[in-house]
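Notes for the structure review
Chain by chain, the residues:
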Amino acid sequence: MFFLSDLRDLIHIIEWDLERLKTQKVFVAMRLSWFVIQVFIFARAISLIVRQLTGINYYEFYLLGVYVSILYSTSISRGYVIADEFDDGIVEYHLSLPIKRNIFVLGRILGCSLAALLFTLPMMLIVLIAVNALNLTGLLVSMIMAYIFSIGVVGLVILVVVNVKSTDATDILFGTIDAILVRLSSIFYPLPIIQAIGIAPYYYAALFNPLTSIADFIRLLFIPEFTLYTVSPYALVLYILGFSIGMIVLAMEHYTKKLEAGGWK
Amino acid sequence: MSGIHAVEIRSFTKKFGDFTAVDDLNLDIYEGEIFGLLGPNGSGKTTTLLTIATIYKPTSGDIYVYGHSVTREDYAVRKITGIAFQDPKALWVDKPYDLLMWHAKVVGYSGEEARKVVREVMETLGLWEHRNKYFYQLSGGTRKKVELAKVLIQKPRLAILDEPTAQVDVLAKHALWNIIEGLKKEGTTVIIATNDMFEAERVCERIAIIYKGRLRALGTISELKDMIPGGDVVEIQVNNDKLPNNIVERLNEYGRVEFKNRVLRVYLEKGEEKVVDIVDLLKKNNITVSRLMIKEPTLDDVFTYLTGASLRGEG
């Protein structure tokens, strides 16, 4: 059962993750620099090349992909804070607090993903201004879906962290996951183009990749005239929801099982 | 000390892989007492405390905190238990005030109450001037105080303090001991893990001596000291690395003998009468005595008597 006290605990845990974001000035500066370079240098350069070669306006497509890319990597790094907390022993402190374990994990997932969303919100605004597509309804809907997606990514991180139990191994694993998920998605390459290449595993990996779903959903919201979509928006929403709910359930179950017995040692 | 059980440890065993950290521990801790777990590092004290706090789960057996099982009712246990860890738990960029404010809210204070209690506790512990420093700027002792502040803010029914005065200077130690006694006066049951025999004697009412994961003795300080037969300890520092067997056999006639690191200990009755004979015996066998002491047994002597090891040596 869910009580009012659980809700209060949930809010405190979310607060923990939002506070952590404030203390990571270097992280914020690094990501912002990467984003600014992407938007103002690479996006223009690559769009110019694509337009000259194909006649397609790639600028909007690419910029919204850049936003999803940074949302994804920020969600990963926010969730990864939990791995650092294992090394620092903070996890023992958290496990000693008068909070139900499930509420604690849920709070961390919601808190880390909210931190990621808030961190990337100004970037989303910059992108929307750059592509001249800023509207309040679209912004709200995209933020809700971005938050749900980010919840799934943080859940995935927690799932991996509590199972791998080594920050070194987790670093390597996430480097690999990051490379695979970002490349095998429509973040930078439209699905029909991937399909046209003719490598079926590549296409299907991209089709069922949640990064593809969120990237194409956000593009549909802001540049609906863009024709290189293959999946309906309803299917995209359902897929993102399924991904996030699945990750929440798995993360909560594994966190409780793996960590209550001192299993991170 | 009341007859109510605050903590009941029943056949508690904790293993990490093949390593047995705690082996079949049975203990009762009563409401309102300050109870000490005494043992060197690696003896199983911290594992026991972390299991009471529901951070670990027993491999077998169970622990009950005010009747709540740590295996089946962990949330109920956490609601009445507070712990100050051996290593302070904070990120290096945390600030004590922010950390304690968050802690206060998590343990149930509203905003204004939290601000009040955090300030009170920080002032009591001399932390107020450090409130906005980063954790990495604080000394080891100050960090330990921040850790203790969490428990003082929480005011739990059961306070668990894992080596609360390690790295703390002597003056601050006395202040912290007074604060720990203050917790008891407010009705809190306190469990302290320590390898500092002076701290154990100064603060604890009953003590469990743990060594290599097993309970070796349990009782009040005087009960533990009474375990040493005779009541005196003659401690002699010699210049030899080994004692001949015939000397050891002769010394055994006076009482139990131990020899380690060039220190000879004889546990005996009326030490002041027999010490001259003992020294004569050593001199006749060309063993040079460099220091001699007759003393009442300390907890370290009790520990050595029971385990053959030393709290000071291994702690």
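Residues numbered from 1 in each chain as written. Chains lettered and ligands numbered in written order. Predicted model: local features only at pLDDT ≥ 70, side-chain atom pairs only at ≥ 80, totals over all residues. Heavy atoms only, no water.

Topic: the overall build of chain A
Per the secondary structure count, chain A includes 11 helices and zero strands. When the helices and strands of chain A are placed in sequence order, the string is α-α-α-α-α-α-α-α-α-α-α. Radius of gyration (C-alpha) of chain A: 19 Å, near the 18 Å computed for a compact globule of 265 residues. Expressed as lengths along the three principal axes of its C-alpha atoms, the size of chain A is roughly 60 × 35 × 35 Å. Residues classed as buried in chain A amount to 54% of the 265 residues present. Distance between charge centres in chain A, computed from 17 positive and 18 negative side chains, equals 2 Å. (Helix = DSSP H or I, 4+ residues; strand = E, 2+ residues; numbered from the N terminus. Rg over C-alpha atoms; globule rule 2.2 N^0.38 Å. Buried < 20%, exposed > 50% of the residue type's maximum accessible area, 1.4 Å probe, protein only. Lys, Arg positive; Asp, Glu negative; His and termini not counted. Charge placed at Lys NZ, Arg CZ, Asp CG, Glu CD.)

Here's the deal with the packing of helix H6 (residues 136-164) of chain A against helix H10 (residues 210-222) of chain A
Residues and elements named next belong to chain A. Contact pair H6 / H10: the axes reach a minimum separation of 10 Å and the direction vectors enclose 175°. Comparing the axis directions of H6 and H10 gives the class roughly antiparallel. Every residue of H10 that contacts H6 at Gly 138, Leu 139, Val 141, Ser 142, Met 145, Ala 146 and Phe 149 is listed here: Pro 210, Leu 211, Ile 214, Phe 217, Ile 218, Leu 221 and Phe 222. Here the contact of H6 with H10 is composed, by residue class, of 12 nonpolar, two polar and no charged. (Axes fitted to C-alpha atoms, helices over the stretch in contact; angles between N-to-C directions. Parallel < 35°, antiparallel > 145°, perpendicular 65-115°, else oblique. Contact = heavy atoms within 4.5 Å. Nonpolar A, V, L, I, M, F, W, Y, C, P; charged D, E, K, R; others polar.)

Section: the pattern of salt bridges
Residue and element names in this part refer to chain B. Evaluated as defined, the whole model comprises 31 salt bridges over all chains. In this structure, the salt-bridge partner of Asp 28 is Arg 10, at a minimum N-O distance of 2.8 Å. Highlighted residues: Asp 28 in strand S2 (residues 19-30) and Arg 10 in strand S1 (residues 5-16), separated in sequence by 18 residues. For Arg 10, a relative accessible area of 31% translates into the label partly exposed. Here Lys 295 ties to Asp 301 by a salt bridge, and the two come within 3.4 Å at their closest N and O atoms. A network of salt bridges, in which partner residues are shared, links Glu 235, Arg 265, Arg 291, Lys 295 and Asp 301. (Salt bridge = Lys/Arg side-chain N within 4 Å of Asp/Glu carboxyl O.)

A closer look at the UniProt feature "domain: ABC transporter" (unreviewed entry) in chain B
Here the UniProt feature "domain: ABC transporter" (unreviewed entry) sits at residues 7-237 of chain B. Annotated as residues 7-237 of chain B, this span is 35% helix and 30% strand, and its ends, taken at the C-alpha atoms, are 42 Å apart. (UniProt positions renumbered as here; feature names shortened; annotations may be inferred.)

Focus: the interface of chain B and chain A
Interface size is often expressed as the accessible area that is lost when the parts come together. Every contact between the two is made by 27 residues of chain B and, on the other side, 28 residues of chain A. The contact between chain B and chain A buries some 2500 Å² in all, and 60% of this surface belongs to carbon and sulfur atoms. Contact with chain A buries surface across chain B, with B:Tyr75, B:Arg78 and B:Trp102 losing the most and accounting together for 27% of the total. Applying the counting criterion to the chain B and chain A interface returns three salt bridges. Residues B:Asp94 and A:Arg20 are paired through a salt bridge, measuring 2.2 Å at the closest nitrogen-oxygen approach. Partitioning the side of chain B that touches chain A into residue classes produces 15 nonpolar, three polar and nine charged. (Buried area = accessible area lost by both parts, 1.4 Å probe.)

Looking at the sheet that holds strand S5 (residues 68-69) of chain B
Within a beta sheet, neighbouring strands are joined by backbone hydrogen bonds and run either parallel or antiparallel to one another. Residues and elements named next belong to chain B. Here four strands make up an open sheet; going across it, the order is S2-S1-S4-S5 and the pairing antiparallel. Strand pairing shows two members of the sheet lacking a second neighbour, S2 and S5, which therefore form its edges. Pairing between S1 and strand S4 (residues 60-65): five bridges, direction antiparallel. Bridge pairing in S4 places Ile 9 opposite Ile 63. Of the strands in this sheet, S1, S2 and S4 touch helix H1 (residues 45-52), which is tilted by about 120° from S1. (Pairing = 2+ DSSP bridges.)

As for the sheet that holds strand S6 (residues 81-84) of chain B
Residues and elements named next belong to chain B. Judged by pairing direction, the sheet is mixed, and its six strands sit side by side in the order S6-S7-S8-S3-S9-S10 without closing on themselves. Single-partner strands in this sheet number two, and they are S6 and strand S10 (214-220). With strand direction ignored, the average angle separating the axes of adjacent strands in the sheet is 15°. Note that S6 and strand S7 (residues 158-162) share four bridges and pair parallel.

With respect to the pairing of S2(B)
Residues and elements named next belong to chain B. With eight bridges connecting them, S1 and S2 associate as antiparallel partners. For Phe 12, the partnering residue across the bridge sits in S2 and is Leu 25. Adjacent in sequence and paired antiparallel, S1 and S2 are bridged by two residues, among which Gly 17 carries a positive phi angle near 65°.

With respect to helix H5 (residues 101-130) of chain A
Residues and elements named next belong to chain A. With 30 residues, H5 extends 43 Å between its outermost C-alpha atoms, agreeing within 8% with the 44 Å of an ideal straight helix rising 1.5 Å per residue. Of all the bends in H5, the greatest, near 35°, is centred on Thr 120, and the proline Pro 122 appears no more than four residues after it. Of all 30 residues in H5, 21 are buried, a share of seventy percent or more. Just downstream of H5, Asn 132 is the residue with a positive phi angle, here 55°. (Expected span 1.5 Å × (residues − 1). Bend = angle between axes of the 7 residues up to and from the residue.)

So, a nonpolar patch on the surface
Residues and elements named next belong to chain A. A cluster of nonpolar side chains, Val 36, Ile 37, Phe 40, Ile 41, Phe 42 and Ile 126, forms an exposed patch at the surface whose accessible area comes to about 520 Å². If you tally residues by element for the nonpolar patch, the top one is helix H2 (residues 25-54), at five residues. With respect to the secondary-structure elements, Ile 126 resides in helix H5. Looking at Ile 126, the relative accessible area reads 33%, which means it is partly exposed. (Patch = residues over 30% accessible without salt bridge, like charges linked within 9 Å, V, L, I, M, F, W, Y side chains within 5 Å. Areas by Shrake-Rupley, 256 points an atom, 1.4 Å probe, with all protein chains shown as cover.)

Looking at the environment of B:Ile236
Residues and elements named next belong to chain B. Secondary-structure assignment places Ile 236 in strand S11 (residues 232-238). Here the alpha-carbon distance between Ile 236 and Ile 278, two residues 42 residues apart in the chain, equals 9.6 Å. Those residues in contact with Ile 236 that lie beyond four places of it in its chain are Arg 262, Val 263, Leu 264, Ile 278, Leu 282, Val 289, Arg 291 and Leu 292.

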